[in-house]
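Tertiary structure, described
These are the residues of each chain, in order.
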Amino acid sequence: VQLQASGGGLVQAGGSLRLSCAASERTFTSYIMGWFRQAPGKEREFVAAIRWSRGSTFYADSVKGRFTISRDNAKNTVYLQMNSLRPEDTAVYYCAARNDPSGRLNPALVRYDDWGQGTLVTVSS
C-alpha cells in the first residue's frame, strides 16, 4: 500500500491543522492505520491509530483530548485532526499501515509495514 500524507504547515500555538493520508489502493478492512511523528533530535513516536473495520481508535497520552483520528472509506483516506496545538507538537508526521487479520495487535507497539513520506507540522509559540 502506498501512502501519501499531506496537510502539514505552520500554525500558532492553540491553532488547528488536519492531516490527511491517502492510500493508493483500497485499504482492506483488516488494516490498522497509524500516525507517528518525529521531532528534531528525537525518536519517532506513536501518535494515534485506527482499526479500519471497527473504527476503534488509539491515542498517545500526550495527544488525548486534542487529536482525533478518523477514516473515510469511500476516499481510502485517514485523517488526523489536531486541535489546541502546542510547540512540542512540532515534528514531521508520518502515516503508516499494517495488516492485522487477527485484530489482536497493539496498534501503538506493532511494526508497521508501509509508510508515507511525512509532512512537517510547525507550531510557533
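Note: the structure precedes this text.
Just so it is clear, the model here is predicted, and its values are computed rather than measured.

Some points on the side chain of Arg98
With respect to the helices and strands, the residue Arg98 is situated in strand 9 (residues 91–99). Residue class for Arg98 comes out buried when judged on its relative accessible area of 18%. There is a polar contact of 2.8 Å between the side chain of Arg98 and the backbone oxygen of Arg111. Sequence-distant contacts of Arg98, that is, excluding residues within four places in its chain, are made with Ser30, Tyr31, Ile32, Leu105, Val110, Arg111, Tyr112 and Asp113.

Topic: unusual backbone geometry
Of all residues except glycine, most have a negative phi; of all peptide bonds, most are trans. Phi at Asn76 takes a positive value of approximately 50°, unusual for a residue other than glycine. Residue placement: Asn76 occurs in the loop between strand 7 (67–72) and strand 8 (77–82). Residue classification places Asn76 among the buried residues on the basis of a relative accessible area of 15%.

What about the nonpolar core?
With 36 residues, the main nonpolar core has Trp35, Leu80, Met82 and Tyr93 as its most contacted residues. Elements represented by at least two residues in this core include exactly strand 1 (3–6), strand 3 (17–23), strand 4 (31–38), strand 5 (45–51), strand 7, strand 8, strand 9 and strand 11 (119–124). When neighbours within four sequence positions are excluded, Met82 is seen to be in contact with Gly15, Ser16, Leu17, Leu19, Arg66, Phe67, Tyr93 and Val121.

Things to note about the environment of Pro101
Assignment of secondary structure puts Pro101 in the loop between strand 9 and strand 10 (114–115). Spatially, the C-alpha atoms of Pro101 and Phe28 are 9.5 Å apart, while their sequence positions differ by 73 residues.

What about the packing of aromatic side chains?
Counted by the stated rule, this structure contains four aromatic pairs. Aromatic side chains Phe36 and Phe46 sit 5.7 Å apart centroid to centroid with 75° between the ring planes, which places their arrangement in the edge-to-face category. In this pair, Phe36 is assigned in strand 4 and Phe46 in strand 5, connecting sequence segments 10 residues apart. Comparing Phe36 with Phe46 shows no difference in burial state: the two are buried. On the numbers, 5.1 Å between centres and 80° between planes, the contact of Phe36 with Tyr112 is edge-to-face. With Phe36 in strand 4 and Tyr112 in the loop between strand 9 and strand 10, the pair connects residues that are 76 residues apart, well separated along the chain. A single burial state applies to Phe36 and to Tyr112, both of which are buried.

Re the sheet that holds strand 1
Taken in spatial order, the four strands make up an open sheet running 1-3-8-7, and their pairing is antiparallel. Lying at the two open borders of the sheet, with one neighbouring strand each, are strand 1 and strand 7. Ignoring which end each strand starts from, the neighbouring axes of this sheet average 15° apart.

Some thoughts on the side chain of Arg37
Locating Arg37 in the fold gives a position in strand 4. There is a polar contact of 2.6 Å between the side chain of Arg37 and the side chain of Glu45. Here Tyr93 takes part through its side chain, which lies 2.9 Å from a polar atom of the side chain of Arg37. Beyond its immediate chain neighbours, meaning those up to four positions away, Arg37 contacts Glu43, Arg44, Glu45, Val47, Ser62, Val63, Phe67, Glu88, Asp89, Ala91, Val92 and Tyr93.

Observations concerning the environment of Phe58
Summarising the element assignment, Phe58 is placed in strand 6 (residues 57–59). Judged by its relative accessible area of 28%, Phe58 is partly exposed. Beyond its immediate stretch of four places on either side in the chain, Phe58 contacts Phe46, Val47, Ala48, Ala49, Arg51 and Pro107.

Analysis parameters
Residues numbered from 1 in each chain as written. Predicted model: local features only at pLDDT ≥ 70, side-chain atom pairs only at ≥ 80, totals over all residues. Heavy atoms only, no water. Helix = DSSP H or I, 4+ residues; strand = E, 2+ residues; numbered from the N terminus. Buried < 20%, exposed > 50% of the residue type's maximum accessible area, 1.4 Å probe, protein only. Polar contact = N/O pair within 3.5 Å; in protein donor to acceptor, adjacent residues only side chain to side chain. Contact = heavy atoms within 4.5 Å. Core = buried A, V, L, I, M, F, W, Y, C linked by side-chain atoms within 4.5 Å. Phe/Tyr/Trp six-rings, centres within 6.5 Å; stacked < 30°, edge-to-face > 60°. Pairing = 2+ DSSP bridges. Axes fitted to C-alpha atoms, helices over the stretch in contact; angles between N-to-C directions.

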